[in-house]
Amino acid sequence: MFSIIYSRVTEKAEKTQILDLPDSPVQSCAESDEDDEPEHKSAYQKLLSTLSSPADHESEDESVDDDDEEEVEDSGIIHSSVPQPNPEGEFGVKRQCFSVFPIFLDSFKLHLDTEISEEDIKRITDRTKAKAQVKWPSLGTLLCSSPLEKFGPVGQEKDKRPLALHKVLETNWTSLNQTSNSKGAVEEISPLQLELLSLMGSYRDVYFPESSPLTEGWQVRSAYCLHALNHVLKANSGVLGHNAQMRENQDEPRDQGLTRPKVLILVPFRDGALRVVQTLINLLETKGRKMDVSNKKRFKDEFGEEPVNTPPNLFRPDDYTAIFSGNIDDHFRIGVSILRRSIRLYAPFYSSDIIIASPLGLRTVLGVEGEAKRDYDFLSSIEILVVDQADVFLMQNWEHLLHVMKHLNLQPLDPHGVDFSRVRMWNLNNWAKYYRQTLMFSSIQDPQINNIISKHCFNYRGQVATKNMPITGSICQVLVQLPHVFQMINSNSFMDQDARFQFFVDKVLPQYRDSVMSHTLIYVPSYFDYVRLRNYMKKEEINFASICEYSTKSEVSRARHFFQKGDKQFILFTERFHFYKRYTIKGIQNLIFYGLPSYPHFYSEVCNMLQAGGQGEEASWTCTALYSRYDTQRLAAITGAQRAAQMLQSQKPAHLFVTGEEKGPMGP
């Protein structure tokens, strides 16, 4: 027998609120006072500290075009009123955690011209980082990690510093989007975008896991497009300016990488690439000045929306429509070069400034070791990496993204016509990865995304991650009256699937094999776990059907039919199938979550399927969910932060929640 904590979950369905983490005390960066630690930490505080810590788990090859044909206008720096974080003490000022920025310098030049030492490289690779928390109005709590002491955490939002924009962008950036605030007044740019641009302008790595495709997604895209384009224009203008100086017999400056591409933008679908290119064009076009876009018709034909015949009565949630609107092909790559008064689409990679691609589209070019035809030199000098909609990559093939990450900033195998006298020393020293800025955007927090930041990013300026915890979990959107039993598994790591499987076949499945417990849906987040369960149930001759992302329409139709009729006692159901299809499975009476869903709203969506089909008495419905201490983020997003803290710190192995009661809101 196991003990049970009984908790009524009766809140009405409402939008998830965000809980701000407490500010960490401002203290000297050199040394923290160990005696300041409180005598007692609540379970909630322990949960927050757990979530704030890093996870423990883990081309087109053509010759370069003549530079003179691809010139951009000369450099012009405009000071706009975008807030910037405090500087990092590079100016000899005795620095506390939040220092005063004495003078203005362009962060682009400051970042690329900063010299780091062998000792600095050792500190970065040792992964020892100083951490601090600050709170900004729109982004909320920011966790700042700094591997080098001289580049401390970002400052408070009130400490403003202007963003330096290239003159080509100055007239357009404020009208990039028109949004309305709660008072109805028109804003030129949203507070969220201002804060994101401020962080991006510091050239730290940025991880923002609250980029919903419905609300924040388009704002995020506009912000990173502005930052990336600003970076490219400044780099190209600097090269042209130095070319002019060289004609006057001055010294050759080191202002280039080993290959031309500077920015890599990864998006999951062609529609995302289309929107990125449209944003870049809008930023460059001003009144009275139209940009000449080469290969525009071909681009629209290949990346535009493909007409589909959607049944008029087909209902899909708003987030599904937002993700899967437009062309959803996931195999593409395109090079973009910024010329004097034009944009060249489909530029050869070695003549491109920006590469926009899907991980799958790049992997087919990168190849694997042993293949005769493969190329990854064009990724050697990437200075800004943007990973947009990282959560969707989890639903595709995460290995493709990891493969791309492993081939970034490697020394090229061929010179590709580079003038080595113009190449920066840190590029020649194979230190490019320590200067690369990574911008990661997702709608969820996930350990695998965290792993990218912690294991594949080495920015010498450190990282900034948004760390907000939901007060109200998605369980409050469950409308049916249902008891939810959360059972904890003792696991050694996030990837320890053996413990989960053994617990399921020993403790959970026997309870549901009785004929009384029919119409049971088993929700499986991982495809590999799905295959393992399917093979086990076949071996044990259990009466079941199965649906996964690879099932044909006829297989799905038969499985749904037999399950609803009761001819099949169980149905295995993968998370990716739900992500891509959002079908309602009718006839469910019992639910088993083999693992907690990656997307918290999937939990309530699947639970609410019980009211479809009219099978059985509502009083007999059950729901069982398995979790381990490594599911902290997912658990908090489903049950709420305070309840998750209690569950993770409790010695009891099971916890009971009840949803769908008609009484007023009550706590646990």
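Each chain has its residues counted from 1, following the order in which its sequence is written. Totals for whole chains, interfaces and linings use all residues, but because this is a predicted model, local features are given only for residues with pLDDT of at least 70 and pairs of side-chain atoms are given and counted only at 80 or more. Hydrogens and waters are ignored; side-chain quantities use all the structure's heavy atoms.

Under an unreviewed UniProt entry, the name given to the chain is U3 small nucleolar RNA-associated protein 25 homolog, and the organism recorded is Oncorhynchus kisutch. In UniProt, the chain has this text filed under Subcellular location (unreviewed entry): "Nucleus, Nucleolus". UniProt positions are given in the numbering used here, feature names are shortened, and annotations may be inferred rather than shown by experiment. Regarding the chain, the UniProt comment filed under Sequence similarities (unreviewed entry) reads as follows: "Belongs to the UTP25 family."

**Quick notes on the overall build of the chain**
A run of H or I in DSSP counts as a helix once it spans at least four residues, and a run of E counts as a strand once it spans at least two, with each numbered from the N terminus. Summing up its helical and strand segments, the chain has 22 helices and 25 strands in all. The buried label goes to any residue with under 20% of its type's maximum accessible area, the exposed label to any with over 50%, and the partly exposed label to all in between, with areas taken from a 1.4 Å probe on protein chains only. Across the 668 residues in the chain, those meeting the buried criterion constitute 56%. Per-residue accessibility takes into account occlusion by the displayed protein chains alone, with areas from the Shrake-Rupley method and a 1.4 Å probe. With an accessible surface of roughly 29700 Å², the chain has 48% of that area assigned to carbon and sulfur atoms.

**Some thoughts on the packing of aromatic side chains**
Geometry of aromatic contacts follows a simple scheme: Phe, Tyr and Trp rings, the Trp one being its six-membered ring, pair when their centres are within 6.5 Å, and the pair is stacked under 30 degrees between planes, edge-to-face over 60, tilted otherwise. Tallying each qualifying case throughout the model produces 28 aromatic pairs. With a centroid separation of 4.0 Å and 10° between ring planes, the pair formed by Trp426 and Tyr435 is classed as stacked. Per residue, the accessibility class of Trp426 equals that of Tyr435, and both read buried. Here Phe579 and Tyr599 contribute two aromatic rings whose centre-to-centre distance is 5.7 Å and whose plane-to-plane angle is 20°, an arrangement assigned as stacked. With a gap of 20 residues between them, Phe579 in helix H19 (residues 575-581) and Tyr599 in the loop between strand E23 (590-593) and helix H20 (600-607) connect regions that are remote in the sequence. Here Phe579 falls in the buried class, since its relative accessible area comes to 0%.

**Re the nonpolar core**
Counting residues in hydrophobic clusters, the biggest one holds 81 residues, and the most contacted among them are Leu264, Phe486 and Tyr603. Buried residues of nine kinds, namely Ala, Val, Leu, Ile, Met, Phe, Trp, Tyr and Cys, make up a nonpolar core once their side-chain atoms join them within 4.5 Å. With 72 residues, the next largest nonpolar core counts Met200, Tyr224, Leu280 and Tyr434 among its residues.

**Quick look at the confidence of the model for the chain**
Confidence scores labelled pLDDT are given residue by residue by the predictor and lie between 0 and 100. Mean pLDDT over the chain: 81, with 77% of residues reaching 70 or higher. The contact criterion used throughout is that any non-hydrogen atoms of two residues lie within 4.5 Å. Predicted confidence for residues 1-5 stays below pLDDT 50, and this span has 13 contacts to residues more than four positions away or in other chains. Across residues 664-668 the pLDDT falls below 50, and counting only partners more than four positions away or on other chains, this stretch makes 12 contacts in the model.

**Considering the sheet that holds strand E17 (residues 463-466)**
Two strands pair under a simple rule: DSSP has to find at least two bridges between them. Ordered in space as E4-E5-E17-E9-E16-E15-E10-E14-E12-E13-E11, the 11 strands form an open sheet in which the pairing is mixed. Each end of this open sheet is capped by a strand with a single partner; those strands are strand E4 (130-136) and strand E11 (292-294). For this sheet, the mean angle separating the axes of adjacent strands, direction not counted, is 15°. Of the pairings in the sheet, the one linking strand E9 (residues 205-208) to E17 comprises three bridges and is parallel in character. Along E17, the bridge assignment pairs Asp205 with Gln463. Throughout, an axis means a line fitted to C-alpha atoms (over the contacting stretch in the case of helices), and angles, computed between N-to-C directions, take values from 0 to 180 degrees. Helix H6 (residues 217-247) contacts E9, strand E10 (263-266), strand E12 (333-338), strand E14 (354-357), strand E15 (384-387) and strand E16 (437-441) of the sheet and is inclined by roughly 165° relative to E16.

**Notes on the side chain of Ser358**
On the secondary structure map, Ser358 appears in the loop between E14 and helix H10 (359-366). The class for Ser358 is buried, based on a relative accessible area of 1%. Any pair of N or O atoms that falls within 3.5 Å is considered a polar contact. Within protein, one atom must be able to donate a hydrogen and the other to accept it, and sequence-neighbouring residues count only if both atoms are side-chain atoms. A polar contact is formed between the side chain of Ser358 and the backbone oxygen of Asp330, at a distance of 2.7 Å. Of the polar contacts made by the side chain of Ser358, one reaches the backbone nitrogen of Gly361; its length is 3.0 Å. When neighbours within four sequence positions are excluded, Ser358 is seen to be in contact with Leu266, Val267, Pro268, Asp330, His331 and Phe332.

**Concerning unusual backbone geometry**
Phi is positive for Tyr346, which is not a glycine, with a value near 60°. Within the fold, Tyr346 resides in the loop between strand E13 (342-345) and E14. Among the residues examined, Tyr346 registers a relative accessible area of 13% and is labelled buried. Phi is positive for His519, close to 55°, though the residue is something other than glycine. With respect to the helices, strands and loops of the structure, His519 is situated in the loop between helix H16 (497-512) and strand E20 (520-524).

**Some remarks on the pattern of salt bridges**
Each salt bridge in this description consists of a side-chain nitrogen of Lys or Arg and a carboxyl oxygen of Asp or Glu lying within 4 Å of one another. Taken as a whole and assessed by the stated rule, the structure comprises 22 salt bridges. Taking the shortest distance from any N to any O, the salt bridge between Arg275 and Asp271 comes out at 2.7 Å. Of this pair, Arg275 and Asp271 both sit in helix H7 (residues 270-284), four residues apart, roughly one helical turn. Residue Asp271 is classed as buried on the basis of its relative accessible area of 11%. Where salt bridges share partners, they join Glu119, Asp120, Arg123 and Lys150 into one cluster.

**Describing the packing of helix H5 (residues 191-201) against H6**
Close contact between H5 and H6 brings their axes to 10 Å; oriented N to C, the two are set at 35°. Considering the relative orientation of H5 and H6, their crossing is right-handed. The segment H5 lies against H6, with Leu192, Gln193, Leu196, Leu197, Met200 and Gly201 engaging Gln219, Val220, Ser222, Ala223, Tyr224, Leu226 and His227. Side-chain classes follow a simple rule in which Ala, Val, Leu, Ile, Met, Phe, Trp, Tyr, Cys and Pro form the nonpolar group, Asp, Glu, Lys and Arg form the charged group, and the remainder, Gly included, forms the polar group. Looking at the contact of H5 with H6 residue by residue, the class counts come to eight nonpolar, five polar and no charged. Here a crossing is called left-handed whenever its near helix is offset anticlockwise from the far helix by less than a right angle, and right-handed whenever the offset is clockwise.

**Describing the pairing of strand E24 (residues 622-627)**
Counted residue by residue, E24 has five buried out of six residues, so it is predominantly covered. Of the pairings in the sheet, the one linking strand E19 (residues 482-488) to E24 comprises five bridges and is parallel in character. Looking at E24, one finds that Gln487 is bridged to Leu626. Relative to E24, E23 is paired through four bridges, and the arrangement is parallel. Paired with Leu591 across the bridge in E24 is Cys623.

**Quick look at the pairing of E12**
Remember that side chains alternate between the two faces of the sheet whenever the strand is regular. Burial within E12 is extensive, with five of its six residues counted as buried. In this sheet, E14 lies alongside E12 in antiparallel orientation, the contact comprising four bridges. In the strand pairing of E14, Gly335 is matched with Ile355. Alignment of E12 against E13, held across three bridges, turns out to be antiparallel. The partner of Ile338 across the bridge, within E13, is Ile343. Counting the residues that bridge the hairpin from E12 to E13 gives three residues.

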